[in-house]
Amino acid sequence: MVATCAVRHIPVLWLWQLRDGGTITTTLCGWMLASGLIRLTLADDGTATGRFTGDTISYMLARPQERLPAPPSSATGAISAPAV
């Protein structure tokens, strides 16, 4: 599978669509516009491993991953901080 969009994490549905030994090549994006091209290979146990290729490439983020999820709020509308 080759994704011509960047993602912040690999969607589990992508893994489900691969057969054992299948690969995913995509751009992973992080904070402060950091990004890298990664190639993952699916193992028999359902895990995917790989490494960054070292190539500098950048794609637009996939629409569902453009923004960070909103923090949970209480019934009063106040934003609660996560427990540490």
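This text follows the structure it describes.
Now for a quick tour of the structure. This structure is a prediction, so every number in the text was calculated from the model and none was measured.

Let us look at the overall build of the protein chain. Secondary structure assignment for the protein chain yields one helix and four strands. The 84 residues of the protein chain split such that 26% are buried. Contacts in the protein chain between residues far apart in sequence, at least 24 positions, make up 27% of those at least 6 positions apart. A total of about 6,500 Å² of accessible surface is found on the protein chain, and carbon and sulfur atoms cover 60% of it.

This part takes up the sheet that holds strand β4 (residues 48–52). Pairing is mixed in the open sheet, where four strands are placed in the order β1-β2-β3-β4. Since the sheet does not close on itself, it has two edges, and those belong to β1 (2–7) and β4, each with one partner. Averaged over all adjacent pairs, the angle separating strand axes in this sheet is 30 degrees, with direction ignored.

As for its placement among the helices and strands, T25 is situated in strand β2 (residues 23–29). Sequence-distant contacts of T25, that is, excluding residues within four places in its chain, are made with M1, V2, A3, L37, I38 and R39.

Turning to the nonpolar core, a few remarks are in order. The biggest cluster of nonpolar side chains holds ten residues, and these are A3, V7, W14, L15, L18, I24, L28, I38, L40 and L42. Contributing elements (two or more residues each) for this core: β1, α1 (12–16), β2 and β3 (35–42). Counting residues per element, this core draws most heavily on β3, which supplies three residues. Leave out the neighbours within four places in its chain, and L40 touches I10, G22, T23, I24, A48, T49 and G50.

Conventions and cut-offs
Residues numbered from 1 in each chain as written. Predicted model: local features only at pLDDT ≥ 70, side-chain atom pairs only at ≥ 80, totals over all residues. Heavy atoms only, no water. Helix = DSSP H or I, 4+ residues; strand = E, 2+ residues; numbered from the N terminus. Buried < 20%, exposed > 50% of the residue type's maximum accessible area, 1.4 Å probe, protein only. Contact = heavy atoms within 4.5 Å. Areas by Shrake-Rupley, 256 points an atom, 1.4 Å probe, with all protein chains shown as cover. Pairing = 2+ DSSP bridges. Axes fitted to C-alpha atoms, helices over the stretch in contact; angles between N-to-C directions. Core = buried A, V, L, I, M, F, W, Y, C linked by side-chain atoms within 4.5 Å.

What is shown is where atoms sit, not what they do.
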